[in-house]
Protein chains: 2
Amino acid sequence: MSEIVLLGTGNLATHLFEAFSNHTNYKIIQVYGRTQESAGYFKDKVSITSDFRDLRAADIYLTAVSDHAIQEVIQRIPAQKGLVAHTSGSTPLLSLAQRNGVFYPVQTFTKNTTVCFSGIPVCVEADSESDTQLLEDMAKSISNHVYRLNSEQRKALHLAAVFSCNFTNHLYRIAEDICNKHLIDFKILQPLIIETAQKLTVSSAKENQTGPAIRKDQNTIKRQLDQLQATSLKELYTLFTQLIQQENEGKL
Amino acid sequence: MSEIVLLGTGNLATHLFEAFSNHTNYKIIQVYGRTQESAGYFKDKVSITSDFRDLRAADIYLTAVSDHAIQEVIQRIPAQKGLVAHTSGSTPLLSLAQRNGVFYPVQTFTKNTTVCFSGIPVCVEADSESDTQLLEDMAKSISNHVYRLNSEQRKALHLAAVFSCNFTNHLYRIAEDICNKHLIDFKILQPLIIETAQKLTVSSAKENQTGPAIRKDQNTIKRQLDQLQATSLKELYTLFTQLIQQENEGKL
């Protein structure tokens, strides 16, 4: 049985706590929150504290705090022998503790939404092979999709996620705005949007590309550019059209 | 019982044929294909023809052909009293037949993939109220999501689909390329991509926006721009970052 101290009380901390609750091999023995109130969710379930001096000895200290707070939190954990792992995709493996690691679940977490952790990929890294193995085993105990990624790869993965999730969501917003403006129920597009995402599990984005750009349908491209009013949206439309056409010709 | 002649033998035609097979109120009585071979799939199931002169009298003539072929196909249907409807999202309501309509299923169809038509939105339009009703009833007999959209709205919907599906797929491709380049399994991102799409069914894209741009995390933005090599990708990253930040400040 490995004992874990969880530092953080937000969405990710809550979901990790639930994933490890009633686990045979891993037990969260304490949750740290900045204030007693912030740890309210946990108080009837596990020992809580808001004082670093009260942190208990554990095998693993897992931080689930905002990126900008990671360093400070780790530095305030009293000298201990446990492995200290953060859960951030965009933060490299640190060298602040004696043993350092990363335990990064690749998903966005929303409060009050139950997630099935087994389907969520977890990427692990540590500064020794034995600790990498330790985190890998821990990840495999809650997820069926565990990957070893080094900091350089995780940085690239984070960039890829910005394109495929953050920017994609903004494209959804543009589509939502166009629909609203024309009194069209945005729900009409949702099955197509979900199908476009799900298709990636059976074929590559390259194979799945459709639309006026790849068909070089100049009439539609011209007409759609005319439909757009904002200069920045015309610019975005033109840039995507060029990128899709160039990629397809192998020019990038 | 309404009788339908289906013109076209591609993916959409096949899926429409299946959706209406064994239907109580609608019966596809004939399928037209450019050649006897192209209609091969249908030949043991229904009467087929490759000669416009052999088209049978029907209540509805439904074209499921490429956008550029719609006009020619409709013009070659011998003078008849039936309603002639096309299935194209990007084509306006035409005035080529005595009675004209649009029956547009909003989904991409892939051969050999069974689809459940009941979940696919269908948008209808016609040049009379009674024909709009006729198409609406026909759509409701196979789909639970039927909408009346005029040509102007359908044109806007098509533009919205280009942003939220075609351009989105290209963002997936960029992410896939970044992963491949760094020997990262693109599968790691798939659950997050699907979650980003599915979130739209519970909250708006505006509410769902996350990432460095909306957080105004200048360190990450600068670092990620440095990670990108191709000028066009730097340009795309910068444009999205501006759009997300401007939209959020209500400047657009």
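Our subject is the structure listed above.
Residues numbered from 1 in each chain as written. Chains lettered and ligands numbered in written order. Predicted model: local features only at pLDDT ≥ 70, side-chain atom pairs only at ≥ 80, totals over all residues. Heavy atoms only, no water.

### What to know about the side chain of A:Gln245
All names here are of chain A. Residue position: Gln245 is located in helix 9 (residues 231-248). Side-chain polar atoms of Gln245 contact the backbone oxygen of Ala213, separated by 2.9 Å. Residue contacts for Gln245: discarding those within four places in its chain leaves Ala213, Lys216, Gln218 and Ile221. (Helix = DSSP H or I, 4+ residues; strand = E, 2+ residues; numbered from the N terminus. Polar contact = N/O pair within 3.5 Å; in protein donor to acceptor, adjacent residues only side chain to side chain. Contact = heavy atoms within 4.5 Å.)

### Some thoughts on the relation of the copies chain B and chain A
Mapping chain B onto chain A calls for a screw motion: a turn of 180° about the axis and a shift of 0.0 Å along it, with 0.1 Å RMSD after fitting. When the rotation and shift are considered jointly, the pair of chain copies conforms to a two-fold rotation axis. Among all C-alpha atoms of chain B, that of B:Thr168 lies closest to the rotation axis, at 2.7 Å. The share of interface residues of chain B whose copies in chain A are also at the interface is 100%, consistent with both copies meeting through the same surface. (Least-squares fit on C-alpha atoms with pLDDT ≥ 70 in both.)

### Considering unusual backbone geometry
Note: most residues except glycine have negative phi, and most peptide bonds are trans. Residues and elements named next belong to chain A. A positive phi angle is found at Leu183, which is not glycine, with a value near 55°. One can find Leu183 in the loop between helix 4 (151-181) and helix 5 (190-198). Given the relative accessible area of 73%, Leu183 is considered exposed. Residue Lys216 is not a glycine yet carries a positive backbone phi of 50°. Relative to the helices and strands, Lys216 resides in the loop between helix 7 (212-215) and helix 8 (218-227). (Buried < 20%, exposed > 50% of the residue type's maximum accessible area, 1.4 Å probe, protein only.)

### Side note on the environment of A:Ala197
Examined against the element boundaries, A:Ala197 turns out to sit in helix 5. In sequence terms A:Ala197 and A:Ala160 are 37 residues apart; their C-alpha atoms lie 15 Å from each other. Beyond its immediate chain neighbours, meaning those up to four positions away, A:Ala197 contacts B:Tyr172, B:Ile193, B:Ile194 and B:Ala197.

### What to know about the pattern of salt bridges
All told, the structure shown has 20 salt bridges over all chains when counted by the stated rule. With its nearest N and O atoms 2.6 Å apart, the salt bridge here joins B:Arg154 to B:Glu125. Residue B:Arg154 is located in helix 4 (residues 151-181), and its partner B:Glu125 is located in strand 7 (residues 122-126); the two are separated by 29 residues in the primary sequence. Accessibility expressed as a relative area gives 1% for B:Arg154, which makes it buried. On the accessibility criterion, B:Glu125 (11% relative accessible area) is buried. Between B:Arg148 and B:Glu129 there is a salt bridge, with the nearest N and O atoms lying 2.9 Å from each other. Note that B:Arg148 is positioned in strand 8 (residues 146-148) and B:Glu129 in helix 3 (residues 129-140), a separation of 19 residues in sequence. Through salt bridges with shared partners, a single ionic network connects A:Glu129, A:Glu136, A:Lys140 and A:Arg148. (Salt bridge = Lys/Arg side-chain N within 4 Å of Asp/Glu carboxyl O.)

### Section: the interface of chain B and chain A
Between chain B and chain A, the residue contacts involve 83 residues of the former and 83 residues of the latter. Summing both sides of the interface, chain B and chain A together bury roughly 8400 Å²; the carbon and sulfur share of this comes to 68%. Its largest share of buried area at the contact with chain A, chain B owes to B:Phe163, B:Arg173 and B:Ile188, together 8% of the area lost on that side. Across the chain B-chain A interface, the total number found is two salt bridges. Between B:Arg173 and A:Glu247 there is a salt bridge; the shortest N-O distance is 3.0 Å. Run the count over chain B and chain A and you get 25 residue pairs in polar contact (both at pLDDT 80 or more). Of all elements in the fold, only helix 4, helix 5 (190-198), helix 6 (205-208), helix 8 (218-227) and helix 9 (231-248) of chain B reach the threshold of two or more residues within the side of chain B that touches chain A. At 26 residues, helix 4 of chain B tops the list of elements feeding residues into the side of chain B that touches chain A. Class assignment of the residues belonging to the side of chain B that touches chain A gives a composition of 43 nonpolar, 28 polar and 12 charged. (Buried area = accessible area lost by both parts, 1.4 Å probe. Nonpolar A, V, L, I, M, F, W, Y, C, P; charged D, E, K, R; others polar.)

### Considerations on the sheet that holds strand 3 (residues 47-49) of chain B
Residue and element names in this part refer to chain B. Pairing within the open sheet is mixed, and its eight strands lie in the order 3-2-1-4-5-6-7-8. Every interior strand has two partners, whereas the edge strands, strand 3 and strand 8, have only one. For this sheet, the mean angle separating the axes of adjacent strands, direction not counted, is 25°. Two elements, strand 2 (residues 26-32) and strand 3, share three bridges in a ladder whose sense is parallel. Within the sheet, the bridge partner assigned to Tyr32 lies in strand 3 and is Thr49. Together, strand 1 (2-7), strand 2, strand 4 (60-63), strand 5 (83-86), strand 6 (99-105), strand 7 and strand 8 form the strand contacts of helix 3, whose direction differs from that of strand 7 by roughly 160°. (Pairing = 2+ DSSP bridges. Axes fitted to C-alpha atoms, helices over the stretch in contact; angles between N-to-C directions.)

### A word on the packing of helix 9 of chain A against helix 4 of chain B
It is the contact of helix 9 of chain A with helix 4 of chain B, at a shortest axis distance of 11 Å, that shows an interaxial angle of 50°. Compared by their axis directions, helix 9 of chain A and helix 4 of chain B come out oblique. The interaxial crossing formed by helix 9 of chain A with helix 4 of chain B has left-handed handedness. Counted together, A:Leu233, A:Leu236, A:Tyr237, A:Phe240, A:Thr241, A:Leu243, A:Ile244, A:Glu247 and A:Asn248 of helix 9 of chain A and B:Leu159, B:Val162, B:Phe163, B:Asn166, B:Phe167, B:His170, B:Leu171, B:Arg173 and B:Asp177 of helix 4 of chain B form the full contact between these two elements. (Parallel < 35°, antiparallel > 145°, perpendicular 65-115°, else oblique. Left-handed = near helix turned anticlockwise from the far one by under 90°.)

### Here we look at helix 4 of chain A
Residues and elements named next belong to chain A. Between its first and last C-alpha atoms helix 4 spans 44 Å; for 31 residues at 1.5 Å apiece the expected length is 45 Å, and the two agree. A bend of about 35° at Val162 is the largest found in helix 4. Taking burial as the measure, the 31 residues of helix 4 include 25 buried ones, the bulk of the element. With a side-chain oxygen lying 3.1 Å from the backbone nitrogen of Glu152, the N-terminal cap of helix 4 falls on Asn150. Note on helix 4: the residue one or two positions beyond its end, Leu183, has a positive phi of about 55°. (Expected span 1.5 Å × (residues − 1). Bend = angle between axes of the 7 residues up to and from the residue.)

### Let's talk about the packing of helix 5 of chain A against helix 4 of chain B
A packed helix pair is summarised by two numbers, namely the angle formed by the two axes and the spacing between the axes. Their axes nearest at 10 Å, the elements helix 5 of chain A and helix 4 of chain B cross at an angle of 10°. In terms of axis orientation, helix 5 of chain A runs roughly parallel to helix 4 of chain B. Each of A:Leu192, A:Ile193, A:Thr196 and A:Ala197 in helix 5 of chain A lies in contact with helix 4 of chain B, whose residues at this interface are B:Ala161, B:Ser164, B:Cys165, B:Asn169 and B:Tyr172. Residue composition of the contact of helix 5 of chain A with helix 4 of chain B, by class: six nonpolar, three polar and no charged.

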